[in-house]
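Architecture and fold: a report
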Amino acid sequence: MSHRLPPEIVTLPPELAFYVSPPHPCSYLDGRESVTLFADPHAELNTAIYSDLIELGFRRSGNHVYRPRCPRCDACIPVRIPVAEFRPDRSQRRTLKRNSDVTVRMLPAEFNEEHYRLYRRYMSSRHAGGSMDVDSPEQYSDFLTSPWCDTRFVEFRHETQLLAVAVIDLLRSGLSAVYTFFDPQHQHRGLGNLAVLWQVEEARRRGLPWVYLGYLIHESAKMAYKTRYRPLQQFHHGYWHTG
């Protein structure tokens with residue numbers, strides 16, 4: 001099953017320019033070169049424009065909107081969950097049950113020292129020394145937020161203890177999962193999985209059809225987890241396919 005985007009849905013400003021980066025080492029697959037297509041970082045973007053761009057496979061990192069455009073590789077596949085069709089499988093239902101004692105609160109995308117301390121613990125455990133291991137509150141905020149996007153921080157707590165924070169963008173057609181970080185000491189809870197399941201239910205509550213998960217990369221263990229959510233739509237050559 002697939003569908004091409006109707007032309008009236010995607011209405012990008014004709015003056016919006018795009019730029020291609022020089023080849024650089026791929027962040028996910030060793031030994032490969034990557035080329036990235038960027039929307040003009042000086043353009044006046046907003047949530048409506050980004051909602052159209054995400055329909056075309058783009059993503060946001062901080063203020064930068066991009067998509068891979070590698071000439072000899074198409075391993076990065078934009079994916080999204082169709083909210084109306086999704087039902088948690090047995091493993092995901094166990095995750096929900098395991099975390100029945102967790103409370104969730106959505107907050108504005110503002111700097112919070114407690115969030116930042118949790119982020120640093122998560123990064124030290126998962127990405128120590130890597131390109132994502134940012135070391136200042138300014139870099140942290142620049143990575144997760146953007147002044148033109150409607151972004152929220154979603155807290156997951158057990159009683160008063162902060163377990164995880166999911167960063168999401170509220171878009172016209174759905175929620176976009178920007179990033180999730182959690183307490184490494186509570187890895188057994190499956191907090192990353194819980195965050196995605198919560199976003200599906202929040203999108204359902206809001207009447208939004210999609211949860212955008214970014215890029216699926218089958219050859220990268222860090223990115224292949226997205227295949228656990230079924231059904232899953234993938235974007236290829238101007239079409240969203242369910243598979």
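These notes cover the structure that comes with them. (Residues numbered from 1 in each chain as written. Predicted model: local features only at pLDDT ≥ 70, side-chain atom pairs only at ≥ 80, totals over all residues. Heavy atoms only, no water.)

**Re the pattern of salt bridges**
For the coordinates displayed, the defined rule picks out 13 salt bridges. In this structure, the salt-bridge partner of Arg 172 is Asp 52, at a minimum N-O distance of 2.2 Å. With Arg 172 in the loop between β11 (161–170) and β12 (174–182) and Asp 52 in helix α1 (residues 47–55), the pair connects residues that are 120 residues apart, well separated along the chain. For Arg 172, a relative accessible area of 48% puts it in the partly exposed group. Bridged by salt links that share partners, the residues Arg 105, Glu 114, Glu 155 and Arg 157 form one connected network. (Salt bridge = Lys/Arg side-chain N within 4 Å of Asp/Glu carboxyl O. Helix = DSSP H or I, 4+ residues; strand = E, 2+ residues; numbered from the N terminus. Buried < 20%, exposed > 50% of the residue type's maximum accessible area, 1.4 Å probe, protein only.)

**Things to note about the pairing of strand β10 (residues 151–158)**
Of all eight residues that make up β10, six are buried, and the element is covered over most of its length. Examined bridge by bridge, strand β9 (residues 102–108) and β10 share seven bridges and lie antiparallel to one another. When the bridges of β10 are listed, Thr 103 appears paired with Arg 157. The sheet contact formed by β10 and β11 spans eight bridges and is antiparallel. Pairing of Val 154 across the sheet is with Ala 166, part of β11. Hairpin connection of β10 to β11: two residues between the antiparallel strands, including Glu 159 at a positive phi of 55°. (Pairing = 2+ DSSP bridges.)

**Some remarks on the sheet that holds strand β5 (residues 36–39)**
Here four strands make up an open sheet; going across it, the order is β2-β5-β7-β6 and the pairing antiparallel. Edge positions in the open sheet fall to β2 (18–20) and β6 (59–61), since each of these has one partner strand only. Across the sheet, the mean angle from the axis of one strand to that of its neighbour is 35°, orientation sign disregarded. For β5 and strand β7 (residues 64–68), the ladder comprises three bridges, and the chain directions are antiparallel. By the bridge assignment for β7, Thr 36 is matched with Pro 68. Here α1 sits on the sheet and contacts β2, β6 and β7; the angle it forms with β6, its principal contact strand, is near 120°. (Axes fitted to C-alpha atoms, helices over the stretch in contact; angles between N-to-C directions. Contact = heavy atoms within 4.5 Å.)

**Observations concerning the packing of helix α2 (residues 90–98) against helix α5 (residues 191–206)**
Two elements in contact, α2 and α5, have axes separated by 10 Å at closest approach and are oriented at 95°. Compared by their axis directions, α2 and α5 come out roughly perpendicular. For the pair formed by α2 and α5, the contact residues are Gln 92, Thr 95 and Leu 96 on the first element and Asn 193, Leu 194 and Leu 197 on the second. For the contact of α2 with α5, a count of residues per class yields three nonpolar, three polar and no charged. (Parallel < 35°, antiparallel > 145°, perpendicular 65-115°, else oblique. Nonpolar A, V, L, I, M, F, W, Y, C, P; charged D, E, K, R; others polar.)

**Looking at the packing of helix α3 (residues 113–126) against helix α4 (residues 137–144)**
In the contact formed by α3 and α4, the axes pass within 11 Å of each other and the chain directions differ by 90°. It follows that α3 is roughly perpendicular to α4 by the angle criterion. Side by side, α3 and α4 meet where His 115, Tyr 116 and Tyr 119 of the first sit next to Pro 137, Tyr 140 and Phe 143 of the second.

**Topic: the packing of aromatic side chains**
For the structure shown, the criterion picks out 18 aromatic pairs. Ring plane angle 55° and centroid distance 6.1 Å describe the contact between Tyr 66 and Tyr 215, whose orientation is recorded as tilted. Placement of Tyr 66 in strand β7 and of Tyr 215 in strand β13 (residues 210–216) is noted, with a sequence separation of 149 residues between them. The buried category is assigned to Tyr 215, whose relative accessible area is 6%. For the pair Phe 111 and Tyr 116, a centre-to-centre distance of 5.7 Å together with 50° between the ring planes defines the contact as tilted. Of the residues examined, Tyr 116 reaches a relative accessible area of 9% and is grouped as buried. By the ring-pair criterion, three or more aromatic residues cluster together here, those being Phe 111, Tyr 116, Tyr 119, Tyr 122, Tyr 140, Phe 143, Tyr 179, Phe 181 and Phe 182. It is Arg 67 that lies over the ring of Phe 58; its NZ or CZ is 5.7 Å from the centre. Sitting over the ring of Trp 240, Arg 80 keeps its end group 4.1 Å from the ring centre. (Phe/Tyr/Trp six-rings, centres within 6.5 Å; stacked < 30°, edge-to-face > 60°. Lys NZ or Arg CZ within 6 Å of the ring centre and 35° of its normal.)

**Remarks on the environment of Thr 145**
Relative to the helices and strands, Thr 145 resides in the loop between α4 and β10. For the pair formed by Thr 145 and Ser 61, sequence separation is 84 residues and the distance between their alpha carbons is 7.9 Å. Every residue in contact with Thr 145, bar those within four places of it in the chain, is listed here: Arg 60, Gly 62, Asn 63, Ala 109 and Phe 153. Within the structure, the side chain of Thr 145 is placed 2.7 Å from the backbone oxygen of Ser 141, a separation counted as a polar contact. (Polar contact = N/O pair within 3.5 Å; in protein donor to acceptor, adjacent residues only side chain to side chain.)

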